[in-house]
Amino acid sequence: MSVFCARVTLHHQKKSGATRLLWSLLGACFFSAVLGYRPVIIVHGLFDSSGDFVNLQRFINQSPDRPDVHIWWNIVYHWRLLGGTTDSALSRLQSHPGTNVSVIDLFDRSASLQPLWKQVEGFKEAIYPIMQNAADGVHLICYSQGGLVCRGILSTLSDHNVHSFISLSSPQAGQYGDTDYLKYLFPSFVKSNLFHFCYTSVGQRISICNFWNDPHHRDMYINSSDYLALLNNERSNPNATQWKNNFLRMKKLVLVGGPDDGVITPWESSQFGFYDENETVVEMKNQEVYLRDTFGLKTLQARGDMVLCAMAGVQHVYWHSNQTVFTTCMEKWLT
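No experiment lies behind these values; they were computed from the predicted model shown. (Residues numbered from 1 in each chain as written. Predicted model: local features only at pLDDT ≥ 70, side-chain atom pairs only at ≥ 80, totals over all residues. Heavy atoms only, no water.)

Next up on the list: the overall build of the protein. Helix and strand content of the protein: 16 helices and 8 strands. Across the 335 residues in the protein, those meeting the buried criterion constitute 55%. For the protein, the accessible area works out to roughly 14800 Å², and carbon and sulfur atoms hold 52% of it. (Helix = DSSP H or I, 4+ residues; strand = E, 2+ residues; numbered from the N terminus. Buried < 20%, exposed > 50% of the residue type's maximum accessible area, 1.4 Å probe, protein only. Areas by Shrake-Rupley, 256 points an atom, 1.4 Å probe, with all protein chains shown as cover.)

As a further point, take the pattern of salt bridges. The full count for this structure, using the stated rule, is 8 salt bridges. The salt bridge involving Asp226 is made with Arg235; its shortest N-O contact spans 3.9 Å. Among the ionic pairs, Arg303 bridges to Asp305, the shortest N-O distance being 2.8 Å. Via salt bridges that share partners, Lys252, Arg303 and Asp305 belong to a single interconnected network. (Salt bridge = Lys/Arg side-chain N within 4 Å of Asp/Glu carboxyl O.)

In this section: the environment of Val254. Note that Val254 resides in strand S5 (residues 252–257). In sequence terms Val254 and Trp333 are 79 residues apart; their C-alpha atoms lie 8.2 Å from each other. With near-sequence residues (within four places) excluded, Val254 lies in contact with Phe165, Ile166, Ser167, Val307, Cys329 and Trp333. (Contact = heavy atoms within 4.5 Å.)

Turning next to empty space enclosed by the protein. Going through the model one piece at a time under the given rule, you end up with 2 cavities of 30 Å³ or more. There is about 130 Å³ of room inside the largest cavity. Of the residues belonging to the lining of the largest cavity, the class tally is 9 nonpolar, 6 polar and no charged. Here the second largest cavity defines a volume of roughly 60 Å³. Every residue lining the second largest cavity is listed: Ser155, Leu230, Leu231, Asn233, Asn237, Ala240, Trp243, Lys244, Phe247, Thr294 and Phe295. Contributions of two or more residues to the lining of the second largest cavity are made by helix H12 (228–231) and helix H13 (240–247). (1 Å grid on protein atoms, 1.4 Å probe; cavity = no way out; pocket = protein on both sides within 12 Å on 5 of 7 lines; lining within 4 Å. Points joined across faces, edges and corners; volume = space filled by probe spheres on them. Nonpolar A, V, L, I, M, F, W, Y, C, P; charged D, E, K, R; others polar.)

As a further point, take the environment of Ala240. Its location among the elements puts Ala240 in helix H13. Residues Ala240 and Ser155, 85 residues apart in the sequence, show an inter-C-alpha distance of 9.0 Å.

What follows covers the packing of helix H6 (residues 116–132) against helix H7 (residues 145–156). Helix-helix packing is described using two parameters, namely the angle between the two axes and the distance between the axes. Packing of H6 against H7 leaves a shortest axis separation of 9 Å and a crossing angle of 70°. Relative to H7, the element H6 is oriented roughly perpendicular. Between H6 and H7 lies a crossing of right-handed hand. When H6 is examined against H7, the residues Leu116, Trp117, Gln119, Val120, Phe123, Lys124 and Ile127 are found in contact with a partner set consisting of Gln145, Leu148, Val149, Gly152, Ile153 and Thr156. (Axes fitted to C-alpha atoms, helices over the stretch in contact; angles between N-to-C directions. Parallel < 35°, antiparallel > 145°, perpendicular 65-115°, else oblique. Left-handed = near helix turned anticlockwise from the far one by under 90°.)

Attention shifts here to the environment of Val103. Structurally, Val103 is set in strand S2 (residues 101–103). On the accessibility criterion, Val103 (16% relative accessible area) is buried. In contact with Val103, not counting residues within four places along its chain, are Ile42, Ser50, Phe53 and Gln57.

Our next topic: the sheet that holds strand S3 (residues 138–143). If you trace the 6 strands from one edge of the open sheet to the other, you get S2-S1-S3-S4-S5-S8, paired in parallel fashion. Edge positions in the open sheet fall to S2 and strand S8 (306–310), since each of these has one partner strand only. Each neighbouring strand pair of the sheet contributes to a mean axis angle of 15°, computed without reference to strand direction. The pairing of strand S4 (residues 162–168) with S5 spans 5 bridges and is parallel. Bridge assignment links Ser164 to a residue of S5, and that residue is Lys252. (Pairing = 2+ DSSP bridges.)

Relative to the assigned elements, Asn237 resides in the loop between H12 and H13. One polar contact links the side chain of Asn237 to the main-chain amide nitrogen of Asn239, over a distance of 3.0 Å. In contact with Asn237, other than residues within four places in its own chain, are Leu230 and Trp243. (Polar contact = N/O pair within 3.5 Å; in protein donor to acceptor, adjacent residues only side chain to side chain.)

This part covers H7. An ideal rise of 1.5 Å per residue puts 16 Å on 12 residues; H7 measures up with 17 Å between its terminal C-alpha atoms. Here H7 lies mainly inside the structure; 11 of its 12 residues are buried. Buried residues of H7: Gln145, Gly146, Gly147, Leu148, Val149, Cys150, Arg151, Gly152, Ile153, Leu154 and Ser155, and no others. (Expected span 1.5 Å × (residues − 1).)

Looking now at the packing of aromatic side chains. For the structure on display, the rule yields 16 aromatic pairs. Aromatic side chains Phe53 and Tyr143 sit 6.0 Å apart centroid to centroid with 70° between the ring planes, which places their arrangement in the edge-to-face category. Pair noted here: Phe53 is in the loop between strand S1 (40–43) and helix H3 (54–62) and Tyr143 is in strand S3, with a separation of 90 residues, a long-range link. A residue is classified by how much of its surface remains accessible, and Phe53, at 0% relative accessible area, is buried. For Tyr143, a relative accessible area of 3% translates into the label buried. In this structure an aromatic cluster arises from ring pairing among Tyr176, Trp212, Phe274 and Tyr275. (Phe/Tyr/Trp six-rings, centres within 6.5 Å; stacked < 30°, edge-to-face > 60°.)

Turning to the state of the cysteines, a few remarks are in order. Taken as a whole and assessed by the stated rule, the structure comprises 3 disulfides. Through a disulfide, Cys198 is tied to Cys209; the S-S separation comes to 2.1 Å. On the sign convention where negative means left-handed, the S-S torsion of about -65° between Cys198 and Cys209 marks this disulfide as left-handed. Linking Cys198 in helix H9 (residues 195–198) with Cys209 in helix H10 (residues 207–210), this pair joins segments that are 11 residues apart in sequence. Grouping residues by exposure puts Cys198 and Cys209 together as buried. (Disulfide = S-S within 2.5 Å.)

Here it is as structure tokens:
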């Protein structure tokens, strides 16, 4: 963007003519800024719907560090110099949305329990046209279970153009914990015996079982998990090399999570850490999938394209509505 766009002043012109010219010039600058901005696609998690992400949409569109917002505040400034009121300028601000943000409205609420591969195909079909219309690529923000859905999309879509993949409190290394979600879904089970159900063909028809990772029954997990074990290339997969190459097409992987999450168990799973057989957390860099670079984590780290952002004091259901989380962990990657 030229310096001219940010510094247009028309003090010497007549008010009516200056007003028209000011809005024409800065309007053109605004549209050039917006057109240069990558669309953001949001994928929700378990039991969520698109309506739960209004705050995150607002954070993205009102971010003060985004170039389009600076342009419009320049408009407000010059509008006031020409005698207009702040309120009238702001009304024009609100009529010119910034970044194109799409919250995909699929598999809402109880439908989010459907198998993850089915969700991958559904979300992929909805997301792909957005990608095709974005010459400079798109950003993905994928929350909770949605982060695993997005990994499936990134791994299986050979021509995706994802720039930043922000995994927001997602159980990327799996889940193993007695949470309220578990008690609600499986009232007759606890974490220590859920493997009896999850590692069956029937269990694998429920999304949470697709990433249930019992550290005391690793062999059963590897042989029975139809989703996470395949994505991690922990089980023989003829598509493993292609999936890894597809995954590595992204430019930046941002892993967001924190110790007070209360749902993702262990919370370090949001950053690819997980339990060993003694339920001691092993960080990502000491995990077998990282050491062997089974699907690209080590490569991303070596490229400098992996970011870990851990924040205390955030409960699971508030990650996408907490502005501090947005400004600290997400904002700078949505350029």
